[in-house]
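Observations on the model geometry
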Amino acid sequence: MAEAADFPGTSPSPARRWLRRTAALLAGAPLLTGMLQLSAEPTAHAAAPSADAGAAADATGSNTVDVSLNKLTPTAPSDGDTVTVSGTVTNEGKQAVTGAEVGLRLGPVLNGRGQIDSAAKRTGYQAGADGTEVGGKYVKKFSKLAPGIRQDFSISVPVKALDLGADGVYQLGVSLTGRTAAQPWSQVLGFERTFLPWQSGAADTKTKTTYLWPLISTAHLTAETGSDEQQTPVFTDDDLAKELAPGGRLEQMLSLGSELDVTWVIDPDLLASVDAMTRNYRVQTADGKSTTAGKGQAVAKEWLNKLEQTVKDEKVVALPFADPDLASLAHNGKTVTGSLGQLKDATVSGALAVDSILHVKPQSDFAWPVDGALDPSIVDVSTSAGAHTVIARSDSLRERNALPYTPNAARPIGGGTTAVVADARLSTAFQGDMTGAESSTLAVQEFLAQSLMVTLQDPDKQRSIVVAPQRMPSASQAQAMAKALTTLSDDRWSQPQDLSAAAKAKPDPAATTQVPSASAYPAALRKQELPKSAFKSIQNTQNKLNRFQTILSEPDRVITPFGRAIDREMSTSWRGRAAEAATFRQGVESYLTTLIDQVALIKKSDAKLSGRSATIPVTVQNNLVQGVDHMVLRLTSENPTRLKIGDRAYYEQPVKVAGGHAQSVKFTTTANANGPVPVYAQLYTEDGQPYGEAVRFDVNVTEITLTVMLVIAGGVLLLVLAGFRMYTQRKRAARQQAEESPEDGPDGESGTESGEDDPEQPSDPTPDTAPESTDPSDTGERVDR
């Protein structure tokens, strides 16, 4: 029978095992004769596992007690160090564990990265694979572990007591050995394993390691701004302030990263948002109908100032503004007109933002697809915006030549483009939940083990590798990353290198350079992409913005906030948040539509036109803060045979309205026949694009009435009578003058007395009214609201 003594570290001599098995056989003979009676009695011997089932029993029985390894120092020991392992043990069974003892088990040195992977996946204790116990005084004993009770332990072992051999990665296990009432023999009831990277001195050839340190967040800033001169920004929430505050995610990323030799990869949208927070800003309420004052100015200023000082002399990579989802754009958006141009604009805007806010000249020719997953279309889209280097990952650009070592990260993939292939194992080491001390400790040790194994694969061949972690590490993940990198910074087997140097490293001729096909792109990532409808919506908003800005006297007041908001609609951060992405897009377009509608024609009632000509006023209202210009107002007659605008079917006049004002524009009309005529007023941009809704009203041309005709006839009759009277008076005066005149005198003068005035002659009567002017009224008239 296989007792607990078979386990390494507790096994007796072969002679003792033979004696125990013989005794068991002798005791079995009388038991067979009384099997019926004894079958109802519990026996401890019947519960003991057989030799063949020993390994299986070990694997299941070692889960009775949970062993948590919460701390291991130093993470990579050197000669003369003392290794300290701390943690807790918790009895998760229903029976008490007696004679409990926590000890360390050192396994054999591992060969290759694959063996590290296999060991990390194993659960429970496996005899023969999990090493022998480091016995003696390096144990922690508990007389009893009650069910559900947790006990702390800490074991310190000098490195020399571990008897480590050659440099390499060793498996280090923590086991709890004890007994239960059901199984009253000593056995492993709990087990946890990790890795101990061991290198007695500095390596002759160190691996050059590039670690990307991303400063990226989700979209927080909206397109909405205040109507004041400062254009007070409006945020969707104040969560960014929490990330910047002490202990927050971004505060931890900055504080920890400032002590490390890393390459900073920054989303310019984050910088623009934090910069906006350093001044007065507003935050939308939960219902989105109002805003409140933001309160994160102090933490925003402190964080931004510290970042500026930290990266002053460091390498900074600027992503395109808002970190657009390159894979979504390649698979669903590139056929939508304008989408690739949007990416180009985001790249240029991103570099300018980093330069203006941090006062450093960033590198903007790197593209970083989600999880480093590539296919030909993603490469094409990435390079279309000016990128020369694409950050990939080794689980996408897989090695096909079964290399016995990890090749350099840089690979030429054609067309003058370089792929920097990040190591998948190292890049994903801290993606899990790192809030627990155990998960963080295990992740750090596995990362260091994989890193050392890269160097040991070919100690004489220096490699250049890149680590590209998740885009938005949590605070706990950042802490684990920093702990691992602090160990590497000791120049044991690795030395830091920036991303630009890694991209320029000499490619390994045996490394794969073939970009995976579209069918090889991970289905799980494809499901998270922005759909084509999203890019159509984005382009529709962009088209509206293009038309709107042409009429504004200060277009930059809308181009900047809306342009950057449209960039945010393409952000990688929307992956897995389809509903939130749709809400954000709708909010941007809705607010833009609200602004566009602030410039409109005022509704007009039907008009009556009595007579042949008249003027028709149409009013343009501008409720924007700024003025509008470069517009024309067109008035169109639906029946020019009856009613002409000017001298044709329609007439246009330029429109310029100050902010917060209205202006009436007057049009001259000519009627040729009676009856109602539909008339349409429509605003247009200078390039002939309709702006806003048209206003329709009817102009009713009425006939000349009988009363009007009688008035006119009476007036004519009075004029005729007045003329006849004037005529008769003149005739009578002339006749009287002829009769009263004497004969001519000797001097030939007339008989009229010298100096006598001629009788007064009546003048033409002055008209009652001035003639009607047919000139158009002043179109520059302006009416305040």
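Everything quoted here is computed from the prediction, not taken from an experiment.

**Brief notes about the overall build of the protein**
When its secondary structure is counted, the protein shows 22 helices and 30 strands. Counting over 785 residues, the protein shows a buried share of 46%. Considering only intrachain contacts with a sequence separation of at least 6, the fraction spanning at least 24 residues in the protein is 77%.

**Points about the sheet that holds strand 29 (residues 690–702)**
Taken together, the 5 strands give an open sheet; going across it, the order is 22-29-28-24-26, and neighbouring strands pair in mixed fashion. The two strands at the open ends of the sheet, each matched to only one other strand, are strand 22 (607–610) and strand 26 (650–657). When the angles between neighbouring strand axes are averaged without regard to direction, this sheet yields 30°. Examined bridge by bridge, strand 22 and strand 29 share 4 bridges and lie parallel to one another. When the sheet's bridge partners are listed, Ser610 is paired in strand 29 with Thr702.

**Structural notes on a positive patch on the surface**
On the surface, Arg725, Lys731, Arg732 and Arg735 cluster together into a positively charged patch. Structurally, Lys731 can be placed in helix 22 (residues 706–740). Look at Lys731 and you get partly exposed, because its relative accessible area is 45%.

**Overview of the packing of helix 11 (residues 326–333) against helix 13 (residues 376–384)**
In the contact formed by helix 11 and helix 13, the axes pass within 8 Å of each other and the chain directions differ by 110°. Relative to helix 13, helix 11 is oriented roughly perpendicular. Every residue of helix 13 that contacts helix 11 at Leu326, Ala327, Leu329, Ala330 and His331 is listed here: Ser377, Ile378, Val381 and Ser382. Taken together, the residues of the contact of helix 11 with helix 13 break down into 6 nonpolar, 3 polar and no charged.

**Describing the side chain of Gln445**
With respect to the helices and strands, the residue Gln445 is situated in helix 15 (residues 437–457). Looking at Gln445, the relative accessible area reads 1%, which means it is buried. Here Gln445 is in contact with Leu72, Thr75, Thr194, Phe195 and Pro197, once residues within four sequence places are set aside.

**Some remarks on empty space enclosed by the protein**
By the definition in use, this model includes 3 cavities of 30 Å³ or more. Size it by volume and the largest cavity reaches roughly 70 Å³. Pro320, Leu326, Leu343, Thr347, Ser364, Phe366, Ala367, Val381, Ser382, Ala385 and Ala387 together form the lining of the largest cavity. For the lining of the largest cavity, the elements supplying multiple residues, two or more each, are helix 12 (339–358), strand 15 (366–367) and helix 13. When the residues that make up the lining of the largest cavity are grouped by side-chain class, the tally is 8 nonpolar, 3 polar and no charged. Estimates place the volume of the second largest cavity at around 40 Å³. Every residue lining the second largest cavity is listed: Ser217, Thr218, His220, Asp267, Asp269, Leu270 and Ser273. Per-class residue counts for the lining of the second largest cavity are 1 nonpolar, 4 polar and 2 charged.

**Quick word on the packing of aromatic side chains**
By the definition in use, this model includes 8 aromatic pairs. Each residue in the set Tyr211, Trp213, Phe430 and Phe447 is aromatic and connected to the rest through ring pairs, giving one cluster. Its guanidinium or amino end placed over the ring of Trp368, Arg471 lies 4.3 Å from that ring's centre, counting from NZ or CZ. If you follow Arg634 out to its NZ or CZ, it ends over the ring of Tyr684, 4.4 Å from the centre.

**Quick look at the layout of surface pockets**
Each pocket or cavity is described by its volume, and for the largest pocket that value is around 640 Å³. Taken together, 27 residues make up the lining of the largest pocket; nearest its centre are Leu221, Ala272, Ala276, Arg279 and Thr560. Those elements that provide at least two residues to the lining of the largest pocket are strand 9 (221–225), strand 10 (233–235), helix 9 (268–277), helix 12 and helix 20 (556–568). Among the elements that make up the lining of the largest pocket, the one with the highest residue count is helix 20 (6 residues). Class assignment for the residues of the lining of the largest pocket results in 10 nonpolar, 9 polar and 8 charged.

**A closer look at the pattern of salt bridges**
Working definition: two side chains of opposite charge can pair if their charged atoms are close together. By the definition in use, this model includes 18 salt bridges. One salt bridge connects Lys242 with Asp239, and the closest N-O pair in it is separated by 3.7 Å. Residue Lys242 and its partner Asp239 are both found in helix 7 (residues 239–244); the two are separated by 3 residues, about one turn of the helix. Residue Asp239 is classed as partly exposed on the basis of its relative accessible area of 34%. Glu529 is the salt-bridge partner of Arg575, the closest N and O atoms lying 3.9 Å from each other. In this pair, Arg575 is assigned in the loop between helix 20 and helix 21 (578–596) and Glu529 in the loop between helix 18 (523–527) and helix 19 (532–549), connecting sequence segments 46 residues apart.

Cut-offs and rules
Residues numbered from 1 in each chain as written. Predicted model: local features only at pLDDT ≥ 70, side-chain atom pairs only at ≥ 80, totals over all residues. Heavy atoms only, no water. Helix = DSSP H or I, 4+ residues; strand = E, 2+ residues; numbered from the N terminus. Buried < 20%, exposed > 50% of the residue type's maximum accessible area, 1.4 Å probe, protein only. Contact = heavy atoms within 4.5 Å. Pairing = 2+ DSSP bridges. Axes fitted to C-alpha atoms, helices over the stretch in contact; angles between N-to-C directions. Patch = residues over 30% accessible without salt bridge, like charges linked within 9 Å, V, L, I, M, F, W, Y side chains within 5 Å. Areas by Shrake-Rupley, 256 points an atom, 1.4 Å probe, with all protein chains shown as cover. Salt bridge = Lys/Arg side-chain N within 4 Å of Asp/Glu carboxyl O. Lys, Arg positive; Asp, Glu negative; His and termini not counted. Charge placed at Lys NZ, Arg CZ, Asp CG, Glu CD. Parallel < 35°, antiparallel > 145°, perpendicular 65-115°, else oblique. Nonpolar A, V, L, I, M, F, W, Y, C, P; charged D, E, K, R; others polar. 1 Å grid on protein atoms, 1.4 Å probe; cavity = no way out; pocket = protein on both sides within 12 Å on 5 of 7 lines; lining within 4 Å. Points joined across faces, edges and corners; volume = space filled by probe spheres on them. Phe/Tyr/Trp six-rings, centres within 6.5 Å; stacked < 30°, edge-to-face > 60°. Lys NZ or Arg CZ within 6 Å of the ring centre and 35° of its normal.

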